[in-house]
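Each chain, written out:
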Amino acid sequence: MVRTREFDTEAAVSRAMELFWSRGYEATSVRDLTQHLGIGQGSLYGAFGDKDGLYRAALEHYRATLAANALESLKNGADARSAIRTLLVERIRIAAAEDGRGCLAVNAVCERLPGDPATRRTVRDMQDASQEAIAEVLRVAAERGEIAARHDPHTLAAFLVTFLNGLLVSAKITPDVRALEPLVEVALAALG
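Here is what the cut-offs are and how they apply
- Residues numbered from 1 in each chain as written.
- Predicted model: local features only at pLDDT ≥ 70, side-chain atom pairs only at ≥ 80, totals over all residues.
- Heavy atoms only, no water.
- Helix = DSSP H or I, 4+ residues; strand = E, 2+ residues; numbered from the N terminus.
- Buried < 20%, exposed > 50% of the residue type's maximum accessible area, 1.4 Å probe, protein only.
- Contact = heavy atoms within 4.5 Å.
- Areas by Shrake-Rupley, 256 points an atom, 1.4 Å probe, with all protein chains shown as cover.
- Phe/Tyr/Trp six-rings, centres within 6.5 Å; stacked < 30°, edge-to-face > 60°.
- Core = buried A, V, L, I, M, F, W, Y, C linked by side-chain atoms within 4.5 Å.
- Axes fitted to C-alpha atoms, helices over the stretch in contact; angles between N-to-C directions.
- Parallel < 35°, antiparallel > 145°, perpendicular 65-115°, else oblique.
- Nonpolar A, V, L, I, M, F, W, Y, C, P; charged D, E, K, R; others polar.
- 1 Å grid on protein atoms, 1.4 Å probe; cavity = no way out; pocket = protein on both sides within 12 Å on 5 of 7 lines; lining within 4 Å.
- Points joined across faces, edges and corners; volume = space filled by probe spheres on them.

A.B. asks: When you look at the overall build of the protein in this model, what are you seeing that I'm missing?
C.D. replies: When helices and strands are counted, the protein shows nine helices and zero strands. When the helices and strands of the protein are placed in sequence order, the string is α-α-α-α-α-α-α-α-α. Based on the C-alpha atoms only, the size of the protein along its principal axes is roughly 65 × 35 × 30 Å. Put simply, the protein has 192 residues, and 42% of those count as buried. The contacts of the protein with a sequence gap of at least 6 include a subset with a gap of at least 24, amounting to 69%. Put simply, the protein shows about 10000 Å² of open surface, and 52% of that area lies on carbon and sulfur atoms.

What follows is the structure in structure tokens.
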């Protein structure tokens, strides 16, 4: 007889995401995970295959929640400059929180690459989605005359995502939002 799963896998993935985010992949043991999630080792393996499977699920959860919400915020800005400023500053605040835990996606890249092609694909997909969303905001803004049209929107979006990745690493080193926020204004100057 097959046993039914006796725990909420979505809640478990969310809690695992928080643990991986605060500790990293390598420093998080299966025992840490089972204790934090309140499940047995057999349940973890049955639901996710192994620690790596749970990590992948946690990265996907991050992509579907926090990363998706960040991109959704671009649509709510009054103009391109304020929408992008809000996106960048909010990401800095999240990364600087909890004594500089950073961004789960950037942390994953720094810890797991180049040896983990699956993590590379997942994070690259997140980065590509960010670049496309920002490029669209920039394209529309250039058509409206809000920003200078001297740069290709895709190149400018790639610059802003690369800049953001650097800020997210910097937030781990110096978890001080007030020290990092002024850098956003320097990057926004590229919008012309």
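Back to the write-up after that little detour.
A.B. asks: Quick question: what am I supposed to make of the packing of aromatic side chains here?
C.D. replies: Within a pair of aromatic rings, the relevant descriptors are the distance that separates the centres and the angle that separates the planes. Applying the stated rule across the entire model yields five aromatic pairs. Relative to Tyr 62, the ring of Trp 21 lies with its centre 5.3 Å away and its plane at 90°, an arrangement referred to as edge-to-face. Within this pair, whereas Trp 21 is found in helix H1 (residues 9-23), its partner Tyr 62 is found in helix H4 (residues 51-73), the two being separated by 41 residues in sequence. We note that Trp 21, like Tyr 62, is buried. A centroid spacing of 4.8 Å and a plane angle of 70° characterise the contact between Tyr 25 and Tyr 55, whose relative ring orientation is edge-to-face.

A.B. asks: Just to check I follow, could you spell out the nonpolar core for this structure?
C.D. replies: Note that soluble globular proteins tend to have their nonpolar side chains buried in a common cluster. Within the largest apolar cluster, 61 residues are counted, with the highest numbers of intra-cluster contacts made by Phe 20, Leu 54, Tyr 62, Leu 74, Ile 84, Ile 134 and Leu 138. Among the elements that line this core, the one with the most residues is helix H5 (residues 80-100), at ten residues. Apart from the residues lying within four places of it in its own chain, the contact partners of Leu 138 are Ile 84, Ile 147, Pro 153, Leu 156, Ala 157, Leu 160 and Leu 191.

A.B. asks: How do you make sense of the packing of H4 against helix H7 (residues 117-144) when you look at a structure like this?
C.D. replies: A pair of packed helices is captured by two measures, namely the crossing angle of their axes and the spacing between those axes. At a minimum axis distance of 11 Å, the contact between H4 and H7 shows a crossing angle of 5°. In terms of axis orientation, H4 runs roughly parallel to H7. Packed against H4, whose contacting residues are Tyr 55, Arg 56, Leu 59, Glu 60, Tyr 62, Arg 63, Ala 67 and Leu 71, the element H7 presents Ala 118, Thr 119, Thr 122, Asp 125, Met 126, Ala 129, Ser 130 and Ala 133 at the interface. Along the lines of polarity and charge, the residues of the contact of H4 with H7 split into nine nonpolar, three polar and four charged.

A.B. asks: Is there a simple way to explain the layout of surface pockets in this structure?
C.D. replies: Empty space left among the atoms is revealed by rolling a probe the size of a water molecule over them. When its volume is computed, the largest pocket comes out at roughly 460 Å³. Lining the largest pocket are 26 residues, with Ala 105, Met 126, Gln 127, Ser 130 and Asn 165 positioned closest to its centre. Among the elements of the structure, H4, H5, helix H6 (104-112), H7 and helix H8 (153-173) are those that each provide at least two residues to the lining of the largest pocket. When residues of the lining of the largest pocket are assigned to their parent elements, the largest contribution, nine residues, is made by H7. Per-class residue counts for the lining of the largest pocket are 18 nonpolar, three polar and five charged. The space that makes up the second largest pocket amounts to roughly 220 Å³. What lines the second largest pocket is a set of 16 residues, and nearest its centre among them are Leu 74, Lys 75, Ala 83, Val 137 and Arg 144. Of all the secondary-structure elements, those providing two or more residues to the lining of the second largest pocket are H4, H5 and H7. Looking at the lining of the second largest pocket, the element that brings in the most residues is H7, giving six residues. Along the lines of polarity and charge, the residues of the lining of the second largest pocket split into nine nonpolar, one polar and six charged.

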